[in-house]
Each structure stands twice: as C-alpha cells, then as structure tokens.
Protein chains: 2
Amino acid sequence: MVYLAAGREISKAVIKRLPRYFRYLQELEAEGAERISSEELSRRMKVTASQIRQDLNNFGGFGQQGYGYNVVYLKEEIGKILGLNKIHNIVIIGGGNLGRAIAGYTRFENRGFLVRGIFDVDPALIGKQVRGINVMPIGEIEDFLKNNEIDIAALAIPKAEAQKMADLLCACGIKAIWNFAHKDLEVPDDVYVENVNLIESLMQLSYKLNKDN
Amino acid sequence: MVYLAAGREISKAVIKRLPRYFRYLQELEAEGAERISSEELSRRMKVTASQIRQDLNNFGGFGQQGYGYNVVYLKEEIGKILGLNKIHNIVIIGGGNLGRAIAGYTRFENRGFLVRGIFDVDPALIGKQVRGINVMPIGEIEDFLKNNEIDIAALAIPKAEAQKMADLLCACGIKAIWNFAHKDLEVPDDVYVENVNLIESLMQLSYKLNKDN
C-alpha cells in the first residue's frame, strides 16, 4: 500500500470521506481551478480546514505551504487511492427492479465500474437485456465468474437468499460484495462487504420527522 | 420528545444503529422469541453487550435486570422512536431507472412508507404507471404537495437539477429529503436530508480491493 504514510492505519471514517473530496475536486477541475487552499476547500465542503489537512496528511499530504493543493494532482491521487484508475467489473445478482436500476445506471461506467452480467432465478427474465447487458440464469454464475475477471458482486436479492449466495460468491473468489439485501452477511476476513440498506436510510428520515412532532 | 431520558441528546451514531436493532428484534419475533438478554443480542448482532445497554439506555432503557428485554415490547418501542407506527407519504422526483426502482420497491410499504406520486420532466414518461403509481409532470408538483400530505421527497434526478428542486420542495413545506443525487444540498435548518450516494459506496469497495493489490 504505497500511499500510506509509514506505519499509519487509515481510519474507516477518513476512507468514507475520500469520495466526497474526489467529487469536490472534480467540480473544481470542471470550473477550471488550478489550485485550492484548505481554507477555501473547507468553505465549500463545510468541514474544518484542519480536518481537511489531517485527512490528507494520512496519505502523506498533497499540499504545499502557501500554495495550497494542486486540484488535478490531488484529484488524481485520491482517485488512485480509491482505485478509480482501474476498471472494475461487476456482476449483479438479482434482475428485479433494483438490480435492473443498478445495471441501467450509466454513471458507474464513467468511473470505471462496468456491469458485465445480471443473474436471476426467474425464467421470465432470462435472455432479456438491460442496456445491452444480458440477464443470465443464476445456475451459470460459477462458470461466468471462472471465465471473467469479476471484482465486485452486487447482491440485489431477498434477504432469505442472501447468505447462501454470498457463500457461493466467496467460494468463487469474489472479494467485494455490494450488499443491497437487508441482511448482515458473514464472509471470510479477506472479503469486503459494503451495505446499502435503503429502508434503514428511510428510517433515519422518519425518526427525524417523528422527533419534531 | 417523550422517549428521551431527561436532558439527553441522542447521538447520530445511536440513531443510525436503531434500524438494525429493529431488524434483529423483528427476526427474533418471527422466531417466536419472547425475551432476549443483552448478551444474546450481542452475540447475534456482533456488537458488545455494553454498547447495547448504553444505546438502549438513551431511551430510558427497556430491559429488566435478570430478565433481559421483552422482544415485542422493545421492537415496538424502537419502532415508535423511528416513527414506524405512522404512515409516511413519499413523492419521487425523477422517473428514471432509479426513481422507478424506488417506486417499485414494495418493502417500503410494509414499513408504512407509501409512494404517492412520481414526477418527471420527460413527456414520454408522463401518464405511465409504476405499480399503480402515476408519473406526473414536474410542473404539477407544487399543487400536488399542496393537496396531499407528503412527508418525504426522494430526489432521483441529475445533480445539476438537485439544488433547484430542493429549494422548491422546501418552499412547499417538505421537511425530509431522501437525496440520491450526487450533490450536497443546502436546506433550511428544519429540513432533514438523508443522502444515498451509490457511487461513493462503490468507491469504498474499490478502495479496499485496491489496497490489497
């Protein structure tokens, strides 16, 4: 891991913030900004300048005293840390509404995340396409993973099926699961799970609405 | 706010964890469990028993020494805190893939989140339906909000349009925005925004894959 300052462990909170830095730097680049001070970035991002300096120091720091940060350089370095300089191939397990919405989302492609296949149990969906991506029978997933370099599997299936499918994916060598099922998955230590739980996100809003009434 | 122990401010981290407690308690109820100790809940949820006790103490605590927690009672109390004992009406702004996926997702309904309308600018979508929910012209949103008791607006539109639409929604009295646009929204203090940023979630996975290579 070349980006780490020696012996430092980057906290999960910092990693969570990196995509947001990336997004703001992209916007600055689009505006034609060449450099930015941590103070100006702080005003835009509504976090303290000291947090920005601390966060970026985790990676050896990219700023220069009195100059600030070079926008394009910093964006590209953060992009590299996030692995955005590489192509990531995705399969989607589950061809329902959610699975198809993920497959149909072209923004992922702009960032190098390419959906290579959709898998489902429903015979009515098999053979259909979403933006040219085939929906295939779930029985073919193992062969597909064997013959294609897939990095990430998105799980968009009911919670009752999720753990069994995760076990199969891990056995096939998948190291990253993007989990939309409402289920905490048990996976080997070297497998990463990123949960997207839409109903729990909605509950945060209803909590806040409820609190005020 | 009747659920708060006097003078206490509940941290955002605790609120974020409540839906997960709710989910596990639901599963326990479905298994027929009447009560559960914080130790057993700790084993299932893979958080410490002391964190469970601390979290639930925020709300006055629901446990009894030597008995543990009453599953149904605790589930219902957390449900009330999360506002799940009420119906919440939702509009979806944006009838693209993502907007339609949200509209098509019946699980929200089971929790009392009802999608009342979808709004879009695209004439080709107007008049269509998703599960019986009408797609209406965005020009009708103000009247619709005036004539229907809508609590939550889901924003599933491009980032370039998101702030303008958020301004309009806030002007119409919306207090909760479920934001799928890749844009930090500026809203009045009494409006809650819950961001769901799918591409940033995917970047967490590519960071982790990248880190190991």
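Reading the values: the criteria
Residues numbered from 1 in each chain as written. Chains lettered and ligands numbered in written order. Predicted model: local features only at pLDDT ≥ 70, side-chain atom pairs only at ≥ 80, totals over all residues. Helix = DSSP H or I, 4+ residues; strand = E, 2+ residues; numbered from the N terminus. Contact = placed C-beta atoms within 7 Å. Expected span 1.5 Å × (residues − 1). Bend = angle between axes of the 7 residues up to and from the residue. Buried ≥ 20, exposed ≤ 12 C-beta atoms within 10 Å, placed from the backbone. pLDDT = per-residue confidence, 0-100. Axes fitted to C-alpha atoms, helices over the stretch in contact; angles between N-to-C directions. Parallel < 35°, antiparallel > 145°, perpendicular 65-115°, else oblique. Left-handed = near helix turned anticlockwise from the far one by under 90°. Nonpolar A, V, L, I, M, F, W, Y, C, P; charged D, E, K, R; others polar. Core = buried A, V, L, I, M, F, W, Y, C linked by C-beta atoms within 7 Å. Pairing = 2+ DSSP bridges. Least-squares fit on C-alpha atoms with pLDDT ≥ 70 in both. Domains from an automatic or database assignment.

## Regarding the overall build of chain A
Broken down by element type, chain A carries nine helices and nine strands. Its C-alpha atoms give chain A principal-axis dimensions of roughly 60 × 50 × 35 Å. In chain A, the proportion of contacts linking residues at least 24 apart, taken out of those at least 6 apart, comes to 55%.

## Examining helix α1 (residues 12-30) of chain A
End to end, α1 of chain A covers 28 Å across 19 residues, agreeing with the expected 27 Å (1.5 Å per residue, within 8%). Considering bend angle alone, the principal kink of α1 of chain A is centred on L18 of chain A and spans about 25 degrees; proline P19 of chain A follows within four residues of it. Within the sequence span of α1 of chain A, burial applies to L18, P19, Y21, F22, R23, L25 and L28 of chain A. Lining the buried residues of α1 of chain A we find β1 (35-36) and α4 (71-81) of chain A together with α9 (198-212) of chain B. Once α1 of chain A finishes, G32 of chain A follows within two positions and takes phi at roughly 90 degrees, a positive value.

## A look at the confidence of the model for chain A
In the predicted model, chain A carries a mean pLDDT of 91, and the fraction of residues at 70 or more is 95%. In the predicted complex, the global pTM is 0.90; the interface-specific ipTM is 0.90.

## So, the packing of helix α9 (residues 198-212) of chain A against helix α1 (residues 12-30) of chain B
Contact pair α9 of chain A / α1 of chain B: the axes reach a minimum separation of 9 Å and the direction vectors enclose 120 degrees. In terms of their interaxial angle, α9 of chain A and α1 of chain B are classed as oblique. Here α9 of chain A runs over α1 of chain B; the crossing is right-handed. Here E200, M203, Q204 and Y207 of chain A of α9 of chain A come into contact with α1 of chain B, specifically with I15, K16, P19 and R20 of chain B. Taken together, the residues that form the contact of α9 of chain A with α1 of chain B break down as four nonpolar, one polar and three charged.

## Remarks on the nonpolar core
Counting 119 residues, the largest nonpolar core has A154 and L155 of chain A together with A154 and L155 of chain B as the members making the most contacts within it. Residue contacts for L155 of chain A: discarding those within four places in its chain leaves I93, G94, A162, M165, A166, I177, W178, N179, F180 and A181 of chain A.

## Description of the pairing of strand β6 (residues 133-137) of chain A
All names here are of chain A. Relative to β6, strand β4 (residues 113-120) is paired through three bridges, and the arrangement is parallel. Looking across to β6, one finds that F119 is bridged to M136. Sheet topology places strand β5 (residues 129-130) next to β6; two bridges connect them, and they run antiparallel. Looking at the pairing, Q129 lines up with N134 of β6. Turn length for the β5-β6 hairpin, with the two strands adjacent in sequence and antiparallel, is two residues, and the turn residue R131 shows positive phi of about 50 degrees.

## Here we look at the sheet that holds strand β8 (residues 176-179) of chain A
Residues and elements named next belong to chain A. Pairing in this open sheet of seven strands is mixed, and the strands run β5-β6-β4-β3-β7-β8-β9 from one edge to the other. The strands lining the two open edges of the sheet, one partner per strand, are β5 and β9 (192-195). Two elements, strand β3 (residues 88-93) and β4, share six bridges in a ladder whose sense is parallel. Residue pairing across strands places N89 opposite L114, the latter belonging to β4. The strands that helix α8 (residues 159-171) touches are β3, β7 (152-155) and β8; relative to β7, the one it contacts most, it runs at about 170 degrees.

## A word on the relation of the copies chain A and chain B
Overlaying chain A on chain B yields an RMSD of 0.0 Å, the required transformation being a rotation through 180 degrees with an accompanying axial translation of 0.0 Å. As the rotation angle and translation indicate, the two copies are arranged about a two-fold axis. The C-alpha atom lying nearest the rotation axis in chain A is that of A101 of chain A; the distance is 3.0 Å. Interface overlap between copies is the fraction of interface residues in one copy that are interface residues in the other; for chain A against chain B it reaches 100%, indicating a shared surface.

## Some remarks on the sheet that holds strand β8 (residues 176-179) of chain B
Reading across from one edge, β5-β6-β4-β3-β7-β8-β9 (chain B) is the order of the seven strands in this open sheet, with mixed pairing throughout. Both edges of this open sheet fall to β5 (129-130) and β9 (192-195) of chain B, since each of them pairs with a single strand only.

## A few points about the domain arrangement of chain A
Here chain A is described as being made up of domain 1 (12-81) and domain 2 (88-200). Using only C-alpha atoms to locate each centre, domain 1 of chain A and domain 2 of chain A end up separated by 32 Å.

## Things to note about α4 of chain A
Considered for burial, the residues of α4 of chain A that qualify are V71, L74, K75, E77, I78, G79 and I81 of chain A. If you follow the buried residues of α4 of chain A, they end up packed against α1, β1 and β2 (69-70) of chain A together with α9 of chain B.

## Concerning unusual backbone geometry
The phi torsion of most residues other than glycine is negative, and most of the peptide bonds are trans. In this structure, K46 of chain A is a non-glycine residue whose phi angle is positive, near 55 degrees. With respect to the helices and strands, the residue K46 of chain A is situated in the loop between α2 (38-45) and α3 (49-57). Residue classification places K46 of chain A among the exposed residues on the basis of 8 C-beta atoms within 10 Å. Despite not being glycine, R131 of chain B shows a phi value in the positive range, around 50 degrees. Secondary-structure assignment places R131 of chain B in the loop between β5 and β6 (133-137).

## Some points on the environment of G63 of chain A
All names here are of chain A. Secondary-structure assignment places G63 in the loop between α3 and β2. Accessibility expressed as a C-beta count within 10 Å gives 19 for G63, which makes it partly exposed. C-alpha separation for the pair G63 and R35, spaced 28 residues apart in sequence, amounts to 9.7 Å. With residues near it in sequence (within four places) discarded, G63 still touches S38, L56, G68 and Y69.

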